[in-house]
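Architecture at a glance
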Amino acid sequence: GSTRKRHASHPANRYTANPSDSDPAFDEPGPSGGLPGSLRSTPALYSQVLHMTTDTVTAFNQLALNTPLLKVLDEVGYETPSPIQALTIPLLLAGRDLVGQAQTGTGKTAAFALPLLSRLDVTRREPQVLVLAPTRELAIQVAEAFQRYARHLQDFHVLPIYGGQSYDIQLRQL
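Throughout this description, residue numbers start from 1 for each chain and increase along the sequence as written. Totals for whole chains, interfaces and linings use all residues, but because this is a predicted model, local features are given only for residues with pLDDT of at least 70 and pairs of side-chain atoms are given and counted only at 80 or more. Note that the side-chain values use all heavy atoms of the structure and ignore hydrogens as well as water.

Attention now goes to helix α3 (residues 83-93). Buried, partly exposed and exposed residues are distinguished by accessible area as a fraction of the type maximum, computed with a 1.4 Å probe on protein chains only: under 20%, between the cut-offs, and over 50%, respectively. Strands are runs of DSSP state E lasting at least two residues, helices are runs of H or I lasting at least four, and both sets are numbered from the N terminus onward. Burial analysis of α3 places 8 of its 11 residues in the buried class, the great majority of the element. Note on α3: the residue one or two positions beyond its end, G95, has a positive phi of about 85 degrees.

Below, the structure written as structure tokens:
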């Protein structure tokens, strides 16, 4: 098949954040050299994200999350964003798509859940976020994390739907 390059201004442009323990600024070259992923096509954004690391983002309140989420983060004892959180939260709050990779235990779920929850309009009654997980266990874990982070969001509901259970019951809950 053929591949088409997307122009930097294309609305479906994707951004890849791939922080590692050794380099929280994901400075490794992409598959064809240069900037990682499709950030090669947007050097200004790459430069901006490159500088948003735990060296400069030292508190969650610097990431423009809403007040109920900041309250929960304080209650659960989250003090400083991890590199994956510092890099991805601003992009997701801005409505960007991205793919993030980080080691187990680095806060990936919070990295995508917090900005998605911050963008919710709780006055709308229809589903606003869909998270796909490869296993029932991970689906339940992610749903529990969303529920924990959304503790102070009124009228927030989360529902994990997965195989092995009656879809009728699950769909009624939806």
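Between 30 and 60 degrees the pair is tilted, below 30 it is stacked and above 60 it is edge-to-face, where a pair is any two Phe, Tyr or Trp rings, Trp via its six-membered ring, whose centres lie within 6.5 Å. This model, assessed by the stated rule, comprises 3 aromatic pairs. Seen from their ring centres, Y78 and Y149 are 6.2 Å apart, and the 65 degrees between their planes marks the pair as edge-to-face. Placement of Y78 in the loop between α2 (67-76) and α3 and of Y149 in helix α5 (residues 136-149) is noted, with a sequence separation of 71 residues between them. For Y78, a relative accessible area of 33% corresponds to the partly exposed category. With a centroid separation of 6.0 Å and 50 degrees between ring planes, the pair formed by F112 and F146 is classed as tilted. Here F146 lies in helix α5 and F112 lies in helix α4 (residues 108-118), a separation of 34 residues in the sequence.

A few words now on a nonpolar patch on the surface. Taken together, I161, Y167, L171 and L174 make up a surface patch of nonpolar side chains, about 410 Å² in accessible area. Take Y167: it is sitting in helix α6 (residues 167-173). Patch criteria: residues need more than 30% relative accessible area and no salt bridge. Like-charged residues are merged within 9 Å; nonpolar side chains of Val, Leu, Ile, Met, Phe, Trp and Tyr are merged within 5 Å. Per-residue accessibility takes into account occlusion by the displayed protein chains alone, with areas from the Shrake-Rupley method and a 1.4 Å probe. In what follows, salt bridge is the name for a side-chain nitrogen of Lys or Arg lying within 4 Å of a carboxyl oxygen of Asp or Glu.

With that out of the way, let us pick up the nonpolar core. Residue types Ala, Val, Leu, Ile, Met, Phe, Trp, Tyr and Cys, when buried and joined through side-chain atoms within 4.5 Å, form a set referred to as a nonpolar core. F60, L65, L114, L117, Y149 and F156 are the most contacted members of the largest nonpolar core, which totals 21 residues. Among the secondary structure elements, those contributing two or more residues to this core are α2, α3, α4 and α5. Contact criterion: two residues are considered in contact whenever any of their non-hydrogen atoms come within 4.5 Å of each other. Not counting chain neighbours up to four residues away, the residues in contact with F60 comprise L65, L70, L73, Y78, E79, T80, P81, Q85, I89 and L114.

A word on the confidence of the model for the chain. The quantity called pLDDT is the predictor's confidence in a given residue, expressed from 0 to 100. Summarising the model, the chain shows a mean pLDDT of 75, and 68% of its residues fall at 70 or more. Taken as a whole, residues 1-41 scores under 50 in pLDDT and shows 75 contacts with residues more than four places along the chain or in a different chain.

Moving on: the side chain of Q85. Structurally, Q85 can be placed in helix α3. Each residue touching Q85, except ones within four places of it in the same chain, is listed here: F60, L63, T80, P90, T106, G107, A110 and A111.

When their charged atoms lie close together, side chains carrying opposite charge are able to pair. Inspection of the entire model under this criterion finds 2 salt bridges. Where R151 meets E75, a salt bridge forms, and the shortest distance between an N and an O atom there is 3.4 Å. Note that R151 is positioned in the loop between α5 and α6 and E75 in helix α2, a separation of 76 residues in sequence. When its relative accessible area of 41% is taken as the criterion, E75 is described as partly exposed. In this structure, R124 engages E126 in a salt bridge whose closest nitrogen and oxygen atoms are separated by 2.5 Å. The partly exposed category is assigned to R124, whose relative accessible area is 41%.

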